[in-house]
Amino acid sequence: MLAIVLVMLLVLAAAAAVVLYVAYPHRGEELPVVPQLGDAMRKGVDSLPTIGDHEDIRA
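Presented here is a report on the structure given in the accompanying data block. (Residues numbered from 1 in each chain as written. Predicted model: local features only at pLDDT ≥ 70, side-chain atom pairs only at ≥ 80, totals over all residues. Heavy atoms only, no water.)

1. Observations regarding a nonpolar patch on the surface
Nonpolar side chains collect at one region of the surface, where M1, L2, V5, L6, L9 and L12 lie side by side and expose about 680 Å² of accessible area between them. By the element assignment, L12 lies in helix α1 (residues 2–23). (Patch = residues over 30% accessible without salt bridge, like charges linked within 9 Å, V, L, I, M, F, W, Y side chains within 5 Å. Areas by Shrake-Rupley, 256 points an atom, 1.4 Å probe, with all protein chains shown as cover. Salt bridge = Lys/Arg side-chain N within 4 Å of Asp/Glu carboxyl O. Helix = DSSP H or I, 4+ residues; strand = E, 2+ residues; numbered from the N terminus.)

Printed below as a string of structure tokens:
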């Protein structure tokens, strides 16, 4: 039972991080309370490989 609760808390934390990223740093705005968290999220996303708009996703 404890494992299920811990996994659910982890899932909720990940979902909250995604919502915060989409709501603020993705649009170029700072997080109102903790701007350092927005900077860290932006650096993490910038370091990941992504598919640009001009790239074809079919191989």
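2. Describing the pattern of salt bridges
If the charged atoms of two oppositely charged side chains come close together, the side chains can form a pair. Per the stated rule, a full pass over the model turns up 1 salt bridge. In this structure, the salt-bridge partner of R42 is D39, at a minimum N-O distance of 3.4 Å. Taken together, the positions of R42 and D39, both in helix α2 (residues 35–47) and 3 residues apart, correspond to about one turn of that helix. The class for R42 is partly exposed, based on a relative accessible area of 24%. (Buried < 20%, exposed > 50% of the residue type's maximum accessible area, 1.4 Å probe, protein only.)

3. A few points about the environment of L31
Within the secondary structure layout, L31 lies in the loop between α1 and α2. A relative accessible area of 6% means that L31 is categorised as buried. In sequence terms L31 and L20 are 11 residues apart; their C-alpha atoms lie 8.0 Å from each other. Those residues in contact with L31, other than ones at most four positions away along the chain, are L20, Y24, P25, L37 and G38. (Contact = heavy atoms within 4.5 Å.)

By themselves, these observations are geometric and do not establish any function.
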